[in-house]
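For reference, the chains in residue letters:
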Amino acid sequence: MRLPPAFLTKMEQQLGSNVARFLQSYTEPRTAGLRANTLKISPEALQELLPFLQERVSWCRDGFYYNEEEVRPAKLPHYYAGLYYIQEPSAMLPAELLQVQPGERVLDLCAAPGGKSLQLAAHLGKAGLLVVNDPHPQRAKVLLKNIERYGVTNAVVLSETPQRLAHIFADFFDKILVDAPCSGEGMFRKEPEMAKNWSEAEVAKYAKWQAAILEHIPQMLRPGGEVVYSTCTFSREENEQQVLRFLGAFPDFELLEMRRLWPHEVRGEGHFAAKIKNLSLQAEKKECLMDKNGLWRQQEKNGLTPEAKQALAEFSLQVWQAAEGWQAWLPEGGMVIERAGHILWESLCLPPLRGLKVLRSGWLLGTIQKGRFRPSPAFALGLPPEAVHSAIQRLDLSSHNADDNSVALRYLRGETIQREGKVWAKGWHLVSLDGFVLGWAKGAGNWLKNEFPPGWRRIDGEER
Ligand SMILES: C[S@@+](CC[C@H](N)C(=O)[O-])C[C@H]1O[C@@H](n2cnc3c(N)ncnc32)[C@H](O)[C@@H]1O
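Per-chain numbering applies: the sequence of each chain, read as written, is numbered from 1 onward. Only residues with pLDDT of at least 70 get local features here, since the model is predicted, and only at 80 or more are side-chain atom pairs given and counted; chain-wide, interface and lining totals rely on the full set of residues. Hydrogens and water molecules were not included; the side-chain quantities draw on all heavy atoms of the structure.

Undergrad: I would appreciate a short explanation of the overall build of the protein chain in the present structure.
TA: Strands here mean DSSP runs of E at least two residues long; helices mean DSSP runs of H or I at least four residues long; both are numbered from the N terminus. Along the protein chain, the regular secondary structure elements total 16 helices and 22 strands. With respect to the three principal axes, the spread of C-alpha positions in the protein chain is 70 × 60 × 35 Å. Every one of the 464 residues in the protein chain was classed for burial, and the buried ones make up 56%. A contact between two residues is defined here by any heavy atoms of the two lying within 4.5 Å. If you take every contact in the protein chain between residues at least 6 apart in sequence, the share linking residues at least 24 apart comes to 70%. Counting only carbon and sulfur atoms, one obtains 51% of the accessible surface of the protein chain, whose full area is about 20300 Å². Note that His is not counted, nor are the chain ends; the positive residues are Lys and Arg, and the negative ones are Asp and Glu. Charge positions are represented by NZ for Lys, CZ for Arg, CG for Asp and CD for Glu. The averaged location of the 55 negative side-chain charges in the protein chain is 5 Å from the averaged location of its 56 positive side-chain charges. Note on classification: 1.4 Å probe, protein chains only; a residue is buried when its accessible area is under 20% of the maximum for its type, exposed when over 50%, partly exposed between these limits. Surface accessibility in these figures is a Shrake-Rupley result with a 1.4 Å probe; residues are shielded only by whichever protein chains are displayed.

Undergrad: Sorry if this is basic, but what is going on with the site of the ligand here?
TA: Near, as used in this document, describes a residue that has one of its heavy atoms within 4 Å of the molecule or strand being considered. Close contacts around the ligand come from 18 residues, with Gly115, Lys116, Asp134, Arg139 and Asp179 the closest. Gly115 is positioned with one of its backbone polar atoms (N or O) 3.0 Å from an oxygen atom of the ligand. For the purposes of these results, a polar contact is taken to be a pair of N or O atoms within 3.5 Å, where, inside protein, one atom must be able to donate a hydrogen and its partner to accept one; residues adjacent in sequence count only when each atom of the pair is a side-chain atom. In this structure, Asp179 approaches the ligand through a side-chain N or O atom, which is 2.8 Å from a nitrogen atom. In the complex, the protein chains occlude 83% of the 610 Å² of accessible area that the ligand would expose alone. Secondary-structure elements contributing two or more residues to the shell around the ligand are helix H6 (115-124) and helix H10 (200-214). The residue makeup of the shell around the ligand, split by class, is eleven nonpolar, three polar and four charged. For this classification, the nonpolar set comprises Ala, Val, Leu, Ile, Met, Phe, Trp, Tyr, Cys and Pro, the charged set comprises Asp, Glu, Lys and Arg, and every other residue, Gly included, is treated as polar.

Undergrad: So what exactly am I meant to see when it comes to the sheet that holds strand S22 (residues 448-450) here?
TA: Two pairing modes exist for strands in a sheet, parallel and antiparallel, and in both the strands are linked by backbone hydrogen bonds. A pair of strands is labelled paired if DSSP reports no fewer than 2 bridges between them. Pairing within the open sheet is mixed, and its four strands lie in the order S19-S20-S21-S22. Edge strands, defined here as strands with exactly one partner in the open sheet, are strand S19 (394-397) and S22. Neighbour to neighbour, the strand axes of the sheet diverge by 35° on average, direction disregarded. Across the sheet, helix H13 (residues 306-320) is in contact with strand S20 (424-433) and strand S21 (436-445); its angle to S20 comes to roughly 65°. On top of the sheet, helix H16 (residues 402-412) reaches S19, S20, S21 and S22; it is set at about 85° to S21, its chief contact. Comment: axis = line fitted to C-alpha atoms, over the contacting stretch for helices; angle = value between 0 and 180 degrees taken between N-to-C directions.

Undergrad: It is not clear to me how the UniProt feature "binding site: S-adenosyl-L-methionine" (unreviewed entry) in the protein chain should be interpreted in this structure. Could you clarify?
TA: What UniProt calls "binding site: S-adenosyl-L-methionine" (unreviewed entry) maps, in this numbering, to Cys110, Ala111, Ala112, Pro113, Gly114, Gly115, Lys116, Asp134 and Asp179. Spanning 70 residues, the named residues nonetheless gather at one spot, since no C-alpha pair among them exceeds 12.7 Å. Its relative accessible area of 1% is what places Gly114 among the buried residues. Non-local contacts of Gly114, meaning those with residues more than four positions away in its chain, are made with Tyr85 and Leu143. As for its placement among the helices and strands, Asp179 is situated in strand S8 (residues 173-179). Excluding residues that lie within four positions of it along the chain, Asp179 makes contacts with Cys110, Lys116, Ser230, Thr231 and His271. Within the structure, the side chain of Asp179 is placed 2.7 Å from the side chain of Lys116, a separation counted as a polar contact. UniProt positions are given in the numbering used here, feature names are shortened, and annotations may be inferred rather than shown by experiment.

Undergrad: What's the story with the state of the cysteines in this structure? I'm lost.
TA: Note on terminology: a disulfide is the covalent bond linking the sulfur atoms of two cysteines. Cysteine sulfur pairs qualify as disulfides if the two atoms are within 2.5 Å. For the structure on display, the rule yields zero disulfides. Left without a disulfide partner, Cys60 is nearest to the cysteine sulfur of Cys232, which lies 17 Å away. No disulfide involves Cys182; its sulfur sits 3.6 Å from the nearest other cysteine sulfur, which is in Cys232.

Undergrad: Just checking my understanding: could you explain the pairing of S19 for this structure?
TA: Side-chain alternation along S19 places Leu395 and Leu397 on a buried face and Arg394 and Asp396 on a face that remains uncovered. With four bridges joining them, S19 and S20 adopt parallel strand pairing. Counterpart to Arg394 in the pairing with S20 is Leu430.

Undergrad: For this particular structure, what's the right way to read the environment of Leu130?
TA: Of note, Leu130 is situated in strand S6 (residues 129-133). In this structure, the C-alpha to C-alpha distance between Leu130 and Gly362, residues 232 residues apart in sequence, is 9.6 Å.

Undergrad: Help me out: how do you make sense of the pattern of salt bridges in this one?
TA: Side-chain pairs of opposite charge can arise whenever the charged atoms involved come near each other. Here, a salt bridge means any side-chain nitrogen of Lys or Arg that lies within 4 Å of a carboxyl oxygen of Asp or Glu. Within this structure, the stated rule accounts for 24 salt bridges. Across the pair Glu148 and Arg360 runs a salt bridge whose closest N-O atoms are separated by 2.9 Å. Residue Glu148 is located in helix H7 (residues 137-149), and its partner Arg360 is located in strand S16 (residues 358-360); the two are separated by 212 residues in the primary sequence. For Glu148, a relative accessible area of 13% corresponds to the buried category.

Undergrad: How do you make sense of the environment of Leu256 when you look at a structure like this?
TA: Along the polypeptide, Leu256 turns up in strand S10 (residues 253-261). Along the sequence, Leu256 and Val228 sit 28 residues apart, while their C-alpha atoms lie 9.8 Å from each other. Discounting residues that sit within four places of it in the chain, Leu256 has contacts with Glu226, Lys275, Ile276 and Lys277.

Undergrad: Honestly, the sheet that holds strand S14 (residues 334-339) in this entry has me stumped. Any pointers?
TA: Spatial ordering of the open sheet is given by S14-S15-S17-S18, a layout of four strands whose pairing is antiparallel. Of all the strands in the sheet, the pair left with one neighbour each is S14 and strand S18 (372-375). Averaged over all pairs of adjacent strands, the angle between strand axes in this sheet comes to 30°, irrespective of strand direction. Pairing analysis gives six bridges linking S14 to strand S15 (residues 342-347), with the strands arranged antiparallel. The partner of Met335 across the bridge, within S15, is Glu346. Against the sheet, H13 engages S14, S15, strand S17 (363-369) and S18, with an angle of about 60° to S18.

Structure follows, in structure tokens:
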């Protein structure tokens, strides 16, 4: 790979005698990794399912290496059940460093496509609130898709500037991740094109951009809260100097930890992460549901219309043989609301999002169409395993059975399912593989109509 001469000079100055080892790393193959989605499966159980996962990533409790010359994990059906996310191992560091605890309010400010958001969601579990944001509209759509495919139910997906978020979420978050846009020097091995576009002017441009983003953190991070700032680049201007500038501008903040992963020292492409704490005096944490004047969400507590309740009951009777059965799968700390025909479970902690670009304000359960409830793919993927086991209308597939495996692949390609001698009851069925939900299908006599969304389908020959 040809590296820009000015980049080489800079790295020589930065790394001194280690630069030879650093440059040697560009001649070696890039590292590939994936992370178990613990909302659905433990790393140990994933290892049993995917025996090629031999080696763990030392800085991430749920991360594994794999050899991309030998396997393509994104082609396997379990990938579509959201059991793992393909993520470069160094990129697993920042979310791990943030040490999110269940029940916290967390912001991922520069979130798309969402690798780190999913990691934060897994650490939160079904409790607390995760706000994920990316100002780029197309990237925000990919972020939403990942949040839904990986079964995250307590996330709000926004596409906003940090400045506009800061107005709504003043003193709100316990933890914030700022995985900033950067010059991407750690991406050169994966995307050599990026090396061609590198220049000192680009580094300076990103440094300015990052400072402008960080400026809004003090407003959103509650006293005692913590922020992790990270990049996948090596320049000091975008890393240490950025952190020092922030600490200088906001004396109430203290640096807790600063880490660098270098490609010549670890198995990974390289990353920077710094953890900073807001030491300003402890203010009272805002109560969920409350604003300064009382209730945040008073008007919205009306719940569902009778028509929507009836439609949900009919659907629930069909799938779980109980009119109220669907409610058993809702996490604590939220409420179900209806907005323009959409049925959503929303966290009670959510302040009004007036004026913000909201892609999703919670877990989309489905829509009401002509008086009937149509479950969303996100509803299926967010269901806990008990919801699958207790469904009376379902298609269970096993990856150990060749016939089942090919049915699973056909389902993921969007094909209709037929099985000899099998008659399917009318209405909604849950399709699962090894007990993990893949999605919905609709019974129609001797075939099952495929309801796997077109944008999520497996395309033959798809490589990763
Ligand atoms: C390094 S990427 C994030 C990768 C992501 N955290 C992940 O792990 O998948 C940086 C992101 O910041 C977004 N971005 C650009 N300008 C921004 C701004 N002013 N505020 C917040 N995010 C911004 C970009 O659209 C981009 O998606």
